[in-house]
Amino acid sequence: MTSVVAWERQVGPLSEMIVVSDSRLGGGERWDACAKIFDVGRDDALLAFAGNTWRALPLVFQAVATTRSYNGSALRTLDLHQFARHLESVLNAVLDEAKGPAALEVPECEFLLAGWSWRLNGFRIYRYTFDKDNWRFSGNGTPGRLPPALRGHGRGTRFATIGDGGRRLQGALARDYNKGLISGALDYHPLEYLYRQTQDSSRNEESVGGPVQVSKVYRSIRVEHFAVRTANGLSVSGRPVLPYEHLDLRAIERRDDSGEWFTEASAPQIPAARAALETLEPIMDSDND
């Protein structure tokens, strides 16, 4: 499975929606460099998945194609809460087209859509889980309050997880709040707990691993993806950044001594190393052989 968490983080008088995940895919091998958070062709939303990749990715790709096929969605005249319902219909329509013996297997995957609704004037999170009895994906909006185990004065509002690791993360957060090990607003606590999951080699967390991925949706109707810098190095979309890459991204970084996460207000681009660029040789066309 995986660990995906979305929550509304308070930033002064305003707030932002954060979506984070690990980077591990399974299915016969542990592949710790795979994207799990996607743009859906809208500037107000992000889509993430957890579960069996062979079922989840075709559905993710169709979700992206669906947005691009209708200008009303790309231009957001179809608001987020309407798009969320449309996405449920698309997931089920595509699933109905699966044929063959494997099509009878339960899709062991989940999806999370998070973003800003201009009609509702607020952030929203939708989870899509598979209903075995009706053999269809069912989308549900999460409440405007934290789950009961996480509730406390000033901690926050919206919070949701998918994946087995995500559910364990929620339990760990609630336990440490109750013990007084952490306090105050959620802030970046969910990100720190996900990072710890990726570093945990115990059997309980073997389905979670690789670099963390971090993306945000802002009230200004803008999506931002971050490079992530930890003691393990710099990564983007779950993979290591290559030495010659020039990233037009801000980095979110972890202070190893305190476990705090931070971004600079206006971080410069992450430059490529000129010497590394010069090592790239052009791929020769077959016509030149």
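Overview of the structure. On a predicted model such as this, the values are computed, not experimentally measured, just so you know.

1. Regarding the overall build of the chain
The secondary structure content of the chain amounts to six helices and 14 strands. Scored against the burial criterion, the 289 residues of the chain give a buried share of 48%. Summed over its atoms, the accessible surface of the chain is roughly 14700 Å², and 49% of this surface lies on carbon and sulfur atoms.

2. Points about the side chain of D79
Here D79 is to be found in the loop between α2 (71-74) and α3 (80-96). It is R42 that comes nearest to the buried, bridge-free D79 among opposite-charge side chains, at 5.0 Å. Polar contacts involving the side chain of D79 include one to the side chain of H81, which spans 2.9 Å. Within the structure, the side chain of D79 is placed 2.5 Å from the side chain of S117, a separation counted as a polar contact. Residues within four places of D79 in sequence aside, it is in contact with R42, S117, W118, R119 and L120.

3. What about unusual backbone geometry?
The backbone of N121 sits at a positive phi, close to 55°, despite the residue not being glycine. You can see N121 is positioned in the loop between β5 (109-117) and β6 (122-131). Here the phi dihedral of W135 falls at roughly 50°; this positive angle occurs in a residue that is not glycine. Positionally, W135 belongs in the loop between β6 and β7 (136-141). Residue W135 is classed as partly exposed on the basis of its relative accessible area, which comes to 33%.

Rules used throughout
Residues numbered from 1 in each chain as written. Predicted model: local features only at pLDDT ≥ 70, side-chain atom pairs only at ≥ 80, totals over all residues. Heavy atoms only, no water. Helix = DSSP H or I, 4+ residues; strand = E, 2+ residues; numbered from the N terminus. Buried < 20%, exposed > 50% of the residue type's maximum accessible area, 1.4 Å probe, protein only. Areas by Shrake-Rupley, 256 points an atom, 1.4 Å probe, with all protein chains shown as cover. Lys, Arg positive; Asp, Glu negative; His and termini not counted. Salt bridge = Lys/Arg side-chain N within 4 Å of Asp/Glu carboxyl O. Polar contact = N/O pair within 3.5 Å; in protein donor to acceptor, adjacent residues only side chain to side chain. Contact = heavy atoms within 4.5 Å.

Geometry only, nothing functional implied.
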